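One letter stands for each residue in the lines below.
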Amino acid sequence: MSILVLSFLVVGLGLIAWLTARMRAAGFRRATGARFSSLPSHHGAFVALWTVLPAALFLAVWATASPALVTDRVLTDPAAAQLPPPGFERAALLSEAREIAAGKSFGEPTPLAAKLAPAYADAQSHYDWIGSGVALLLAFACGAWAFTRVRPDFRARSKIERVIMALLLAASLIAILTTLGIVVSLLFESIRFFQMVPIGQFLFGTHWSPQVIDARDPGASLGALPLFWGTFFIGAVIAMIVAIPFGLMSAIYLTQYAHPRARAWMKPIIEVLAGVPTVVYGYFAALTVAPLVRDFAVSIGVSWASSESALAAGLVMGIMIIPFVSSMADDSIAAVPTAMRDGSLAMGATQSETIRRVLLPAALPGVVGGVLLAVSRAIGETMIVVMAASGVATLTLNPFASATTVTKQIVDLLTGEAEFDSPKTLAAFALGLTLFVVTLLLNIVALTVVKRYREAYE
Amino acid sequence: MSDGVAPIVPGTAAPVTVPARMPTDWQTASRQTRIRRRYAAEARFRLMGLFAVVMSAGFLAILLFTMISNGIGGFAQTRIALPIDFPRAGLTLDQARLKGPGADLALAGAGLPEATQAAAIVAYGPDGDKLLSDGAWLRVRDQVKANPALLRGRATLWVPAADTIDIAAKHDGAPADEAIVAKLKAMGALSTGFNAFFLTASDSTDPTMAGIWGALKGSIFTMVVTLLIAFPVGVLSALYLEEYATRNRFTDLIEVSINNLAAVPSIIFGLLGLAVFLNTFHLPRSAALVGGLTLALMTMPVIVIASRNAIKAVPPSIRDAALGVGASPIQVVFHHVLPLALPGILTGTIIGMARALGETAPLLMIGMRAFISAPPDRLSDPATVLPVQIFLWSDQVNRGFVEKTSAAIIVLLVFLLAMNGVAIYLRNKFETRW
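Under an unreviewed UniProt entry, the name given to chain B is Phosphate transport system permease protein PstA, and the source organism is Sphingomonas immobilis. What UniProt records for chain B under Sequence similarities (unreviewed entry) is the sentence "Belongs to the binding-protein-dependent transport system permease family. CysTW subfamily."

Looking at an unreviewed UniProt entry, one finds chain A named Phosphate transport system permease protein, with Sphingomonas immobilis as its source organism. In the Sequence similarities (unreviewed entry) part of its UniProt record, chain A is described as follows: "Belongs to the binding-protein-dependent transport system permease family. CysTW subfamily." You can read under Function (unreviewed entry) in the UniProt record for chain A the words "Part of the binding-protein-dependent transport system for phosphate; probably responsible for the translocation of the substrate across the membrane."

Following this line, the structure appears as structure tokens:
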């Protein structure tokens, strides 16, 4: 029996348990006419949970354990003696035999695999029967035991509520597990990488060309400094040169000058910019902006301008970031006490003088925090640079030259046809770890700045 | 009077003479120029603000205009009139098999592809078959299936043109193709119609046959997995953190993780999916299942944060009243707080799902960038999603894919717009101000 059929059976048993326990509990009420702490449906849910949960847990464990058990049993078969020693070839033969046994194979089977297939089918059905039997027995036994506890004075509701609380706690644990998963998986692969390439060489090396890696000295072509510079140049310099003026000035105009009705229209329109998928921006950058930038560069005399320039990617990224800067600036300007603004206006300052001399200095920490968050967003942005920036790592200050970023290199390294254990693929995890740490630090600093600033005016 | 300043009582001391400050004379020329300068600065500043707003909206307009003007052609198909003489086309066909599920196979086996090519050569000369799309015979097949009577005589069918002809007809193609198009137009053998392939077919190497249905189905599968995991987990953990958790180091840790996860770059989730789901649990590569799991981890913090805000907005009096009539803490939350917070939670969920729908980078990491020419049937089948399809098409050299890419972007944007529209509608309809 497949796991799916079995799950349906167990759930069906649970449904039956729910109905019978509910009927029984409803009977108490009719017989005595008293009111109890638990409703009939609570009793029903209690018995149903006892029927389903242990069996489901067993099935989960069994689904992970049984393939190994099946393989062990197959290996005791006489035909298995001809198998090659443990390794890739052996695993391939075994999995082919499994496919044949399951009736999923295509083409001419290997003779040995065909010989092993009956043993596989045999072992599979053997353990399938054991697993199904135990699961159904478990469901039945636990359900029956729970059913015996259904009595008028039994507090089924508090038991159910305890299960629900456990469920809630488990749900919130997933966030911690995810964070842990990110940290552990990045660290684990990065440590393996740093065993092959010294960490100093990776962080401060200036030569990046993962296409040709010398097996004796992989670190020589895996110096990531040009990537860090490219990321900083595109995400924190060019993009911010676009995003900060436009974002800040839009926020000022919308909060201080615009008619409320105009603001109600314009603010959502600008926020749509943040909702456009990044792959669309990437396509826009590659198709429309990059040729324009190149033509412009050629027209001002930079004849060697790259068609995958840092400027094109940075400009489009800046446009994407405008709404982030704008909404953060909006919040911080709104948080400045009205008394300061009114005081300045009462002294005869014009509105722009009030904004420039009073509101902006007061809101500066919040704005800076917002800009830091925007930078962290920009350097983690992937699709725009994958589609519009080049793969050539150069240490350059020229916006018309090609530059590459950490995220672009992660994608390039992991979508090639390389083995998983090569320094090339592991380098992607080391880059990922660097990116994770940097964005985390930026976020922490930004949030602390914003929080301090909010407290200052509360 | 602690600071020792004596009150001035009239008559007891001589009045102190303060040198009087002359009132500013605003009419002098220097004052007037100064005021003018300040007002000019004010106007300039205001104009700069307006310029920033208009430019930001302008960027959006340019973006949308580029996509729509490039992509609108992707929904259109150039067709060529193809006269076929069916009785003489050499089809070996059993009429009875045309009814029922075997019809497609029967027609393909009967030599319809070859017959279509032969008819094109008869009609348009020795290179006539190159004028037609590789999928032209599919259209012939569908028309024959719909109307088997066609097989008994001569008929003129409209079939899709090859991509070179398509480009030449819509934009400006190679001179040779332009000449052919002009000739066909003069013969009245060229027309354009709605490109049904685009919405019903999957990826193909031939742009005239490429469609988004496979990618769309992959996106739907992925989103279903994401929703089924991220929504319950997100809402339950929000309920726990907001309603039950006591503030201690442990719940602080949960809170910090959730806030940080919301700010982690999406590509990091891709690396997590690669390392955990593919390399540790050995789940199938490029499957909608793995894509959905990865995006669920990414979407969950968004849902938690939105749900917490919605739960926070439910006034405490509701909880007190429910507790007062004897409800247990679980009943208070599940019977009263959750239903009242649900509109806000749903709005946040839809916005999070819209973000996940447009996400590309993490899915590239888990291998969803393969060429997949059949829509997935199960969650574990290799699949691709709409944004990844856009990315793959944008890399194609063939010029015919430019408009397909933009057309796919239009479809994606329409979906996102619809989702955000629903979110705004929900918020306006059900939002309660307490």
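Asks: Is there a simple way to explain the domain arrangement of chain A in this structure?
Replies: It is common to report an interface's size as the accessible area lost on association of the parts. Assigned domains of chain A: these are domain 1 (3-154) and domain 2 (218-456). Just the C-alpha atoms count here: the centres of domain 1 of chain A and domain 2 of chain A sit 52 Å apart.

Asks: How do you make sense of the confidence of the model for chain B when you look at a structure like this?
Replies: Segments scoring low in pLDDT should not have their predicted coordinates read at a detailed level. All names here are of chain B. In the predicted model, chain B carries a mean pLDDT of 85, and 93% of its residues have values of at least 70. Across chain B, the element-wise mean pLDDT spans from 70 in helix H2 (residues 103-109) up to 94 in helix H12 (residues 316-324). The low-confidence segment residues 1-6, where pLDDT is below 50, has zero contacts with residues more than four positions distant or belonging to other chains. As a predicted assembly, this complex carries a pTM of 0.85 together with an ipTM value of 0.87.

Asks: Is there a simple way to think about the domain arrangement of chain B in this case?
Replies: All names here are of chain B. Domain parsing of chain B yields domain 1 (76-194) and domain 2 (213-430). Taking only C-alpha atoms, the centre of domain 1 and the centre of domain 2 are 44 Å apart. Listed by partner, the interface residues are six residues for domain 1 and four residues for domain 2. Both faces considered, domain 1 and domain 2 share a buried interface measuring about 410 Å² in area, 32% of it formed by carbon and sulfur atoms. When the buried surface of domain 1 facing domain 2 is broken down by residue, Asp-163, Ile-167 and His-171 rank first, second and third, together holding 66% of it. Applying the counting criterion to the domain 1 and domain 2 interface returns zero salt bridges.

Asks: I would appreciate a short explanation of the pattern of salt bridges in the present structure.
Replies: Where charged atoms of side chains with opposite charge meet at close range, the side chains can pair. Residue and element names in this part refer to chain A. One pass over the structure, following the stated rule, counts 13 salt bridges over all chains. The residue Glu-161 makes a salt bridge to Arg-157 at a minimum N-O spacing of 3.7 Å. Placement of the pair is Glu-161 and Arg-157 together in helix H5 (residues 156-196), with a separation of four residues, close to one helical turn. For Arg-157, a relative accessible area of 22% corresponds to the partly exposed category. Two residues, Asp-330 and Lys-267, come together in a salt bridge whose shortest N-O distance is 3.0 Å. Here Asp-330, found in helix H10 (residues 310-335), pairs with Lys-267, found in helix H8 (residues 260-275); they are 63 residues apart in sequence, far enough to count as distant. Given the relative accessible area of 22%, Lys-267 is considered partly exposed. Among the charged side chains, a salt-bridge network with shared partners connects Arg-263, Lys-267, Glu-271 and Asp-330.

Asks: What exactly am I supposed to notice about the UniProt feature "domain: ABC transmembrane type-1" (unreviewed entry) in chain B here?
Replies: The UniProt record annotates "domain: ABC transmembrane type-1" (unreviewed entry) at residues 216-423 of chain B. What you have in residues 216-423 of chain B is 75% helix and 0% strand, and the ends, taken at the C-alpha atoms, are 21 Å apart.

Asks: Looking at this model, I keep getting lost on the sheet that holds strand E1 (residues 76-85) of chain B. Mind explaining?
Replies: Where strands meet in a sheet, backbone hydrogen bonds hold them as pairs that are either parallel or antiparallel. All names here are of chain B. The sheet built from three strands is open, its strands ordered E2-E1-E3 with antiparallel pairing. Here the strands that pair on one side only, and so sit at the sheet edges, are strand E2 (154-160) and strand E3 (190-194). For this sheet the average axis-to-axis angle between neighbouring strands, irrespective of direction, equals 40°. Where helix H5 (residues 163-170) meets the sheet, it contacts E1 and E3, and its direction lies at approximately 125° from that of E1.

Asks: Which parts of the structure should I look at to understand the side chain of Thr-226 of chain B?
Replies: Tracing the backbone shows Thr-226 of chain B in helix H8 (residues 213-244). Within the structure, the side chain of Thr-226 of chain B is placed 3.2 Å from the backbone oxygen of Gly-292 of chain B, a separation counted as a polar contact.

Asks: For this particular structure, what's the right way to read the packing of aromatic side chains?
Replies: For any pair of aromatic rings, geometry is given as the distance between the ring centres together with the angle between the planes. All names here are of chain A. Overall, the coordinates contain 17 aromatic pairs over all chains when judged by the stated rule. Seen in terms of ring centroids, Trp-62 and Tyr-127 are 6.3 Å apart; in terms of plane orientation they differ by 50°. Their pairing is tilted. Here Trp-62 is found in helix H2 (residues 40-75), whereas its partner Tyr-127 is found in helix H4 (residues 111-148), with 65 residues between them in sequence. You can call Trp-62 buried: its relative accessible area is 15%. A relative accessible area of 16% places Tyr-127 in the buried class. Site record: aromatic cluster; members linked through ring pairs are Phe-193, Phe-194, Phe-202 and Phe-228.

Asks: Just checking my understanding: could you explain the UniProt feature "transmembrane region" (unreviewed entry) in chain B for this structure?
Replies: All names here are of chain B. Taken from the UniProt record, the annotation "transmembrane region" (unreviewed entry) applies to residues 45-68, 220-241, 261-281, 287-311, 332-354 and 407-426. In the segment residues 261-281, helix accounts for 67% and strand for 0%; the C-alpha atoms at its two ends are 22 Å apart. Helix makes up 96% of residues 287-311 and strand makes up 0%, while its end C-alpha atoms are separated by 35 Å.

Asks: What's the story with the interface of chain A and chain B in this structure? I'm lost.
Replies: Listed as interface residues are 72 residues of chain A and, on the opposing side, 70 residues of chain B. Here chain A meets chain B over a buried area of about 6,200 Å², counting both sides, of which 80% is carbon and sulfur. For the interface between chain A and chain B, the tally reads one salt bridge. Two residues, Arg-38 of chain B and Glu-353 of chain A, come together in a salt bridge whose shortest N-O distance is 2.8 Å. In terms of residue count, H5 of chain A provides more of the side of chain A that touches chain B than any other element does, 19 residues in total. Of the residues belonging to the side of chain A that touches chain B, the class tally is 47 nonpolar, 20 polar and five charged.

Conventions adopted
- Residues numbered from 1 in each chain as written.
- Chains lettered and ligands numbered in written order.
- Predicted model: local features only at pLDDT ≥ 70, side-chain atom pairs only at ≥ 80, totals over all residues.
- Heavy atoms only, no water.
- UniProt positions renumbered as here; feature names shortened; annotations may be inferred.
- Domains from an automatic or database assignment.
- pLDDT = per-residue confidence, 0-100.
- Helix = DSSP H or I, 4+ residues; strand = E, 2+ residues; numbered from the N terminus.
- Contact = heavy atoms within 4.5 Å.
- Buried area = accessible area lost by both parts, 1.4 Å probe.
- Salt bridge = Lys/Arg side-chain N within 4 Å of Asp/Glu carboxyl O.
- Buried < 20%, exposed > 50% of the residue type's maximum accessible area, 1.4 Å probe, protein only.
- Pairing = 2+ DSSP bridges.
- Axes fitted to C-alpha atoms, helices over the stretch in contact; angles between N-to-C directions.
- Polar contact = N/O pair within 3.5 Å; in protein donor to acceptor, adjacent residues only side chain to side chain.
- Phe/Tyr/Trp six-rings, centres within 6.5 Å; stacked < 30°, edge-to-face > 60°.
- Nonpolar A, V, L, I, M, F, W, Y, C, P; charged D, E, K, R; others polar.

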